[in-house]
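Coordinate inspection notes
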Amino acid sequence: MTDRYQTFTRTPLGQALVKNLGLPDPTPLPRWRDGARVIDGPVVFGSIGETDTGKAIQALLRDVGANFSTAAEGVASSELRPKALVFDATGAASTADLSSLQRFFSPVIRQLGAAGRVIVVGRTPELAASPEQQIAQRALEGFTRSLGKEVKRGATVNLVYAAPDAHDQLESTLRFFLSPKSAYVDGQVARIGTGPLVATDPTQPLAGQIALVTGAARGIGAAIADTLARDGATVIGVDVPQNANDLRKVITKVGGSELLLDVTAIDAPQRTAAHAEEHHGGLDIVVHNAGITRDKRLANMRTDTWEAVLDVNLRAPERITAYLLESGALRDGGSVIGVSSIAGIAGNNGQTNYATSKAGVIGLVQAYAPKLAERQIRINAVAPGFIETEMTARVPFAIREVGRRINSLQQGGQPVDVAETIAWFADPASAGVTGNVVRVCGQSMLGA
Ligand code: NAD
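Residues numbered from 1 in each chain as written. Predicted model: local features only at pLDDT ≥ 70, side-chain atom pairs only at ≥ 80, totals over all residues. Heavy atoms only, no water.

Structural notes on the nonpolar core
Note the following rule: For this analysis, a nonpolar core means a set of buried residues of the types Ala, Val, Leu, Ile, Met, Phe, Trp, Tyr and Cys, connected via side-chain atoms within 4.5 Å. Exposure is judged per residue with a 1.4 Å probe applied to protein chains only, and the accessible area is read against the type maximum: over 50% gives exposed, under 20% gives buried, and values in between give partly exposed. The split into domains, and so the bounds of each, comes from an automatic or database assignment of domains.
Counting residues in each nonpolar core, the largest one holds 64 residues, and the members touching the most others are Leu178, Leu228 and Ile422. Built from parts of two domains, this core gets at least three residues from each of domain 1 (24-192) and domain 2 (210-440). Membership of the second largest hydrophobic core comes to 35 residues, among which are Ile210, Leu324, Ala343 and Val361.

Let's talk about the UniProt feature "domain: Ketoreductase" (unreviewed entry) in the protein chain
Quick reminder of the rule: UniProt positions are given in the numbering used here, feature names are shortened, and annotations may be inferred rather than shown by experiment. Under the DSSP-based scheme used, a helix requires at least four consecutive residues in state H or I and a strand at least two consecutive residues in state E, with every element numbered from the N terminus.
Feature annotation in UniProt places "domain: Ketoreductase" (unreviewed entry) on residues 209-390, given in this structure's numbering. The straight-line gap between the two end C-alpha atoms of residues 209-390 is 29 Å; of that span, 48% is helix and 21% is strand.

Some points on unusual backbone geometry
Backbone geometry at Arg153 places phi at a positive 50°, although glycine is not the residue there. Within the secondary structure layout, Arg153 lies in the loop between helix 5 (131-150) and strand 5 (156-162). For Arg153, a relative accessible area of 39% translates into the label partly exposed. In this model, Asp165 sits at a positive phi of 70°, which is unusual for a non-glycine residue. Within the fold, Asp165 resides in the loop between strand 5 and helix 6 (171-178). The class of Asp165 is exposed, set by a relative accessible area of 59%.

Looking at helix 9 (residues 268-280)
To keep things clear, this is the line we draw: Multiplying one less than the number of residues by 1.5 Å gives the expected span of a helix. In this context, the arc is that of the directions from the helix axis out to the C-beta atoms. We call two residues contacting when some pair of their heavy atoms lies within 4.5 Å.
The first and last C-alpha atoms of helix 9 sit 17 Å apart over 13 residues, in line with the 18 Å expected at 1.5 Å per residue. Within helix 9, the full set of buried residues consists of Ala268, Pro269, Thr272, Ala273, His275, Ala276 and His280. All buried residues of helix 9 lie within an arc of 160° about the axis, which places them on one face of the element. Buried residues along helix 9 sit in contact with strand 7 (210-214), strand 8 (234-239), strand 9 (257-260), strand 10 (283-288) and helix 10 (303-327). Gly281, located one to two residues past helix 9, shows a positive phi value of around 75°.

Details of the site of the ligand
Worth spelling out the cut-off: Note on terminology: near, applied to a residue and a molecule or strand, indicates that one of the residue's heavy atoms is within 4 Å of it. Contacts described as polar in this section are N or O atom pairs within 3.5 Å, which, within protein, must combine one atom able to donate a hydrogen with one able to accept it, while residues neighboring in sequence count only if both atoms come from side chains. Using the Shrake-Rupley algorithm and a 1.4 Å probe, accessible areas are obtained, with residue cover drawn only from the displayed protein chains. Only Asp, Glu, Lys and Arg are considered charged in this grouping, and only Ala, Val, Leu, Ile, Met, Phe, Trp, Tyr, Cys and Pro are considered nonpolar; every other residue, Gly among them, is considered polar.
Inspection of the region around the ligand gives 28 residues, with Arg218, Asp239, Asn243, Asn289 and Tyr354 positioned closest. Here a nitrogen atom of the ligand and a side-chain polar atom of Asp262 are 2.8 Å apart. Lys358 places a side-chain nitrogen or oxygen 2.9 Å from an oxygen atom of the ligand. About the coverage of the ligand: the protein hides 95% of its 830 Å² of free accessible area. Elements with a minimum of two residues in the shell around the ligand: helix 7 (219-230), helix 12 (352-372) and helix 13 (390-393). Along the lines of polarity and charge, the residues of the shell around the ligand split into 14 nonpolar, 10 polar and four charged.

Notes on the sheet that holds strand 11 (residues 330-339)
Using the following cut-off: A pair of strands counts as paired when DSSP detects no fewer than two bridges linking them. All axes are obtained by fitting lines to C-alpha atoms, using only the stretch in contact for helices, and the reported angles, taken between N-to-C directions, cover 0 to 180 degrees.
If you trace the seven strands from one edge of the open sheet to the other, you get 9-8-7-10-11-12-13, paired in parallel fashion. Where the open sheet ends on each side, the last strands, each with one partner, are strand 9 and strand 13 (437-440). Across the sheet, the mean angle from the axis of one strand to that of its neighbour is 20°, orientation sign disregarded. Taken together, the five bridges between strand 10 and strand 11 define a ladder with parallel strand orientation. In the strand pairing of strand 11, His288 is matched with Gly338. Here helix 9 sits on the sheet in contact with strand 7, strand 8, strand 9 and strand 10, set at roughly 155° to strand 9.

Quick notes on the pairing of strand 5
To keep it simple, the criterion reads: When the strands point away from the viewer, a crossover counts as right-handed if the route from the first strand across the helix to the second turns clockwise.
Within strand 5, seven of the seven residues are buried, leaving the element largely enclosed by the surrounding structure. The sheet contact formed by strand 4 (residues 117-123) and strand 5 spans seven bridges and is parallel. Residue Val121 lies in a different strand from strand 5, and its bridge partner there is Val160. In this sheet, strand 6 (residues 189-192) lies alongside strand 5 in parallel orientation, the contact comprising four bridges. Within strand 6, the residue paired with Leu159 across the bridge is Val189. With respect to chirality, the unit in which strand 5 leads through helix 6 into the neighbouring parallel strand 6 is left-handed.

Section: the domain arrangement of the protein chain
Definition in use: Buried area: the accessible surface (1.4 Å probe) lost by two parts on joining, summed over both.
Assigned domains of the protein chain: these are domain 1 (24-192) and domain 2 (210-440). For domain 1 and domain 2, the distance between their C-alpha centres works out to 29 Å. Taken together, the contact pairs 28 residues of domain 1 with 27 residues of domain 2. The junction of domain 1 with domain 2 conceals about 2,200 Å² of combined surface from both sides, 55% of it contributed by carbon and sulfur atoms.

Written out as structure tokens, the structure reads:
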């Protein structure tokens, strides 16, 4: 659905009103287009000392053809309009080193271009070598989250924590955060662990992979099917029989196969596994996207309303995941992705059932991530904020308008923003990315 307010603010009258009344001024966010460059403009790189992580970042910047310079070269004070500022803070060994953040960013931050990117890479605090290092590394979170609120014109700020020796796992994550694929991911922390070194072709990272997407007939699910197919995956689209026509349209466009199935059916796990085995010989990626809302305050909540939401949003992903793992239908090296919600993090009036189910999806990630590591299967979740779909179109006007604006980017996200985040998780090159819950919410104030 279109954001009429944002369209209006791009007109001369709209711009005048925005300026004079101090109204929100959402910058249109560029999205990924085939053939686009990962980063389209100058990059300034800074670091605290020389580290393996810093070397890996610079190698990647060279690889993507970025025109980059280091702060030490004096670029910081030039007239350059950087498209990205990338800072390696893994070398911060104590709070004394935090001075480097101010020294690097203060002179350049105002020059950051529209829809610019700020990425800080730190060391996972819990895996730090000393209490001093842990304190300094943990401090980075406050820095990036605040800077996310300060930067303007559609720019985003994110923090990547890398485990010791995980510098060779950074590539798919940095490509994602640098590019327009992460347009609506702002103020987030991603954690990268060690893992096998898997190289994928960045133009077709999912080539040869079989991906099951539930709720694929419309909205976010249709965008996920589209994006995973763009990246080379063969998609199995799942949706309820009532949405057969819409599902057919999606699968006709992206190829793959369709499975008409209510994910809450008693035999849904077995039917899912059987379909994948019979038609595609197995499964590499599972995206639990099907979801419903049945909003009521708890005092007025009927048992069937409560149960329906828990069954679709939580119990179905739980049962299907367990069976796919146990039966071996999901191959080793695969990827499971849950769709949570910021309501599951922040809670929401009238959504005790929905928020319970969506917090449970986070539980699913946390419970399985360590267990699945031995099979090199990764499990992560996205937590969308306000995304422009039929689900949010049904929200009453005033609440909808507030939902759209109360984030650093002052606009709703698009289904493709959630899909791109899922494609990053699904990429076999993201072998070190597991146990993450990444919000796709434009740094919403809800649950921040
Ligand atoms: P949507 O209602 O537009 O689409 C959901 C799809 O899931 C539909 O095609 C529906 O038929 C399917 N589905 C529902 N129950 C099913 C079942 N029992 N079996 C199989 N398929 C079933 O919703 P959306 O906005 O695209 O949301 C997709 C996911 O994202 C959901 O899990 C939702 O909770 C989550 N989410 C959405 C937003 C948002 O702003 N739109 C925000 C946070 C989270």
